[in-house]
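In case you want the letters, here they are:
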Amino acid sequence: MESIDSTITVDPKIQHLSEEEIIEETNLGQNEVAMQNEVALLGENKEPLNKKVIKNGFSYEKDGWKYMAIQGDAYERGFAYGTLSAKEFKEIQRMLNYFIYESYAVTWEEMVDTVNEDIYELTKEKFNEFFEEMRGIAEGCTKAGTETTLKEIIAWNFYMSIPYWLSVRSGNSAGKEGGAKDRCSAFMAVGDYTKDGKIVVAHNSFTDFVDGQYSDVILSIQVPEGKGHNILMQTSPCMIWSGTDFFVTSKGIIGTETTIGGFFPYEQKNPIGYRIRKAMQYGDSLDDYEKILLEGNSGDYANSWLFADIHTNEIMRIELGLKYHNTERKTNGYFIGFNAAYDSKIRNLECSDSGFYDTRRHQGARKVRLAELMEEYKGEIDLETAKIIIADHYDVYLHKKDNPCSRTVCSHYDLDAREYMSDPTRPKPFSPHGAVDGCVIDTAMAAKMGFSGRYGNSCGIPFDKNVFCDKNMQWDNFRPYLNDRPTKPWSDFYFSLVEEDLEKEKEVEKEKEKEKEKETDSLSFTMTDKTKNKKKKTTRRQGGKIKLKRTIKRR
Ligand SMILES: [Zn+2]
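These figures come from a predicted structure and were not determined experimentally.

Caption draft 1: Representation of the overall build of the protein within the structure. Along the protein, the regular secondary structure elements total 18 helices and 20 strands. Burial status across the protein gives 52% buried among its 555 residues. Residue pairs at least 24 apart in sequence account for 67% of intrachain contacts in the protein once pairs closer than 6 positions are excluded.

Okay, here's the thing in structure tokens:
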């Protein structure tokens, strides 16, 4: 284990804390110190909201995102995660009760039962650490006011696999018209293509707004020593893996993907959520990622996976079909992701109507456009240009410079009349579907376990559910389940160390008790604000600055 230590001087002014809060700083527990540390890194004018500190974790909201940091053994960190996610998970339950029936004609309750018939025992036996984490999530969430069960959390973590699994299990094609849905744009570049020759990665998630709008969590997972690597990822509340797939680990591995559209085969083995989470936590190298993803491959959520190792400066793409897969690695060049496989076997034998050559479709169009952008920015790709590329609105089919639609890198099905649609099973005209975020990372940020994200979409065009539903009344039944996504800026997030030091907590409690006693004593003699203020000022730290230590553990 190597460790990077850096001491960060936190100026109270930058923290935007009131004097009251600064004074209270002296009595903070370790988790609170960790959160203050994280908050201090946000810089000026970035006020975090709804700060919450609990045992084994903390959370706050910023620029549309919900940042959560958890630590401990599987059950403990799960419990903290469930506690911090309770409010949001209630919303998700409401959405699932509506959207699952609307999409598959079975209730969410029935779906939870059927999913668990197939994977409950498998989860318990083969992935016990994750089983325990999800047991913690269910209990933490319930205790914090949103009643749920372990089975519901297992089904929620199987959410991305449902369309693949259900079409085989039920023998009908409910929810999976024309094979798997298409999601996401992505690229990874290295060598001659980037400004510093190191790795740059960008991704955005295309999804139905009604469920994809919940991929608004940045989760920092700190595992105990000997239990693999720490993780920072984008995810949805109560998910133990990313789902949209954007992450960095303390081993220096960056990961993302784009779905292979129109994919249909499935075999009941290990769910993708468990396989990728196992890779994130225990994968030491790109080889490990390939090995772990192939082990018990079910063909669910078949993706073109993109991984990068910052220590070897190497990028890798795995087109992961069911019977077939295709792995390529580069130390100079790029990979782009546009929802279709280059591999001829996967594309022809495991997909229906892939859209690979069709520039009317978003696969063919972005296959062209992302490659053009890689060449246009060759040698200049860094975090800032990555943000521009992933927000691109050039329409290669109509040769229009700024035409946000289904064919553009930053996708906007909600603005697209689909008059050029070549496959009627694909998203309908003006669908509440498209990019809901943007994420970028480079080697330097990955070394500090951080990345930059933009909530809403990659370009900043706001989504107003009432304007949308008034204009497109065919989706009016979705109105109660859609959220507005106003324009938000890009924000940087980093992995946080959450300390658990029970002895120290007890000491802090004792100190607080003593302080209270003293205060009560002094107040009983002199009940004036002046005295109270004077007393408080003496507890302020020398120089008005608080020194915090940031440690990133590498395993
Ligand atoms: Zn856009």
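Caption draft 2: Looking closely at the sheet that holds strand E18 (residues 450-455). Judged by pairing direction, the sheet is antiparallel, and its six strands sit side by side in the order E15-E5-E6-E17-E18-E19 without closing on themselves. In this open sheet, the two strands that pair with only one neighbour each are strand E15 (333-337) and strand E19 (490-494). Between one strand axis and the next, the sheet turns through 15 degrees on average, direction left out of account. Bridge count between strand E6 (residues 200-204) and strand E17 (residues 437-442): four bridges; the pairing is antiparallel. Paired with His-203 across the two strands is Cys-439, which belongs to E17. Contacting strand E5 (185-190) and E15, helix H13 (residues 362-376) runs over the sheet at an angle of about 30 degrees to E5. Across the sheet, helix H14 (residues 383-390) touches E5, E6, E17, E18 and E19, and the angle it forms with E17 is around 150 degrees.

Caption draft 3: Main features of the pairing of strand E13 (residues 314-320). Buried residues dominate E13, accounting for six of its seven residues. In this sheet, E13 lies alongside strand E12 (residues 303-309) in antiparallel orientation, the contact comprising six bridges. Considered in E13, the bridge of Ser-304 is made with Glu-319. Pairing of E13 with strand E14 (residues 325-330) involves six bridges; the strand directions are antiparallel. Paired with Glu-319 across the strands is Asn-326, a residue of E14.

Caption draft 4: Here's a closer look at the sheet that holds strand E4 (residues 65-71). In space, the ten strands of this open sheet follow the order E2-E3-E4-E8-E9-E10-E11-E12-E13-E14, with mixed pairing throughout. The two strands at the open ends of the sheet, each matched to only one other strand, are strand E2 (49-54) and E14. On average, each strand axis in the sheet is inclined to that of its neighbour by 15 degrees, with strand direction left out of account. Sheet strands in contact with helix H11 (residues 286-294) are E12, E13 and E14, and its direction is about 10 degrees off that of E13.

Caption draft 5: Fine view of helix H10 (residues 272-282). With ten of its eleven residues buried, H10 lies for the most part within the structure. Considered for burial, the residues of H10 that qualify are Ile-272, Gly-273, Tyr-274, Arg-275, Ile-276, Arg-277, Lys-278, Ala-279, Met-280 and Gln-281. Looking at the buried side of H10, the elements it contacts are helix H6 (128-143), helix H7 (150-157), strand E9 (231-235), strand E10 (246-249), strand E11 (253-259) and H11.

Caption draft 6: Main features of the nonpolar core. With 138 residues, the main nonpolar core has Phe-187, Met-188 and Ile-254 as its most contacted residues. Take this core: its biggest share by element is eleven residues, from helix H4 (residues 74-104). Setting aside anything within four residues of it in sequence, one finds Ile-254 in contact with Ile-199, Val-201, Val-248, Phe-307, Ala-308, Ile-310, Ile-441 and Ala-446.

Caption draft 7: Geometry of the confidence of the model for the protein. Of all residues in the protein, 82% have pLDDT values of 70 or greater, and the mean over the chain is 86. For residues 1-28, every residue scores under 50 in pLDDT, and the model assigns this stretch 52 contacts once sequence neighbours within four places are set aside. A low-confidence stretch, residues 524-555 stays under pLDDT 50, and its non-local contacts, those more than four residues away or across chains, total 50 contacts.

Caption draft 8: Representation of H11 within the structure. Turning to H11, its buried residues are Tyr-289, Glu-290, Ile-292 and Leu-293. Turning to H11, the residues buried within the fold contact H10, E12, E13 and E14. Taken from the residues just after H11, Gly-296 is the one with a positive phi, measuring 70 degrees.

About the criteria used
- All residue numbers refer to position in the chain's written sequence, counted from 1.
- Local features are withheld for residues below a pLDDT of 70 in this predicted model, meaning they are given only at 70 or higher, and side-chain atom pairs are given and counted only at 80 or more; totals for whole chains, interfaces and linings count all residues.
- Counting from the N terminus, the helices are DSSP H or I runs at least four residues long and the strands are E runs at least two residues long.
- Partly exposed residues are those whose C-beta has more than 12 but fewer than 20 other C-beta atoms within 10 Å; with 20 or more the residue is buried, with 12 or fewer it is exposed, and the C-beta atoms are placed from the backbone.
- We call two residues in contact when the distance between their C-beta atoms, placed using the backbone, is within 7 Å.
- Paired strands, in this sense, are two strands between which DSSP finds at least two bridges.
- A fitted line through C-alpha atoms serves as each axis, taken over the contacting stretch for helices, and the angle formed by two N-to-C directions is quoted from 0 to 180°.
- What we call a nonpolar core is a set of buried Ala, Val, Leu, Ile, Met, Phe, Trp, Tyr and Cys residues whose membership is set by joining through C-beta atoms within 7 Å.
- Note: pLDDT gives the predictor's confidence per residue, expressed from 0 to 100.

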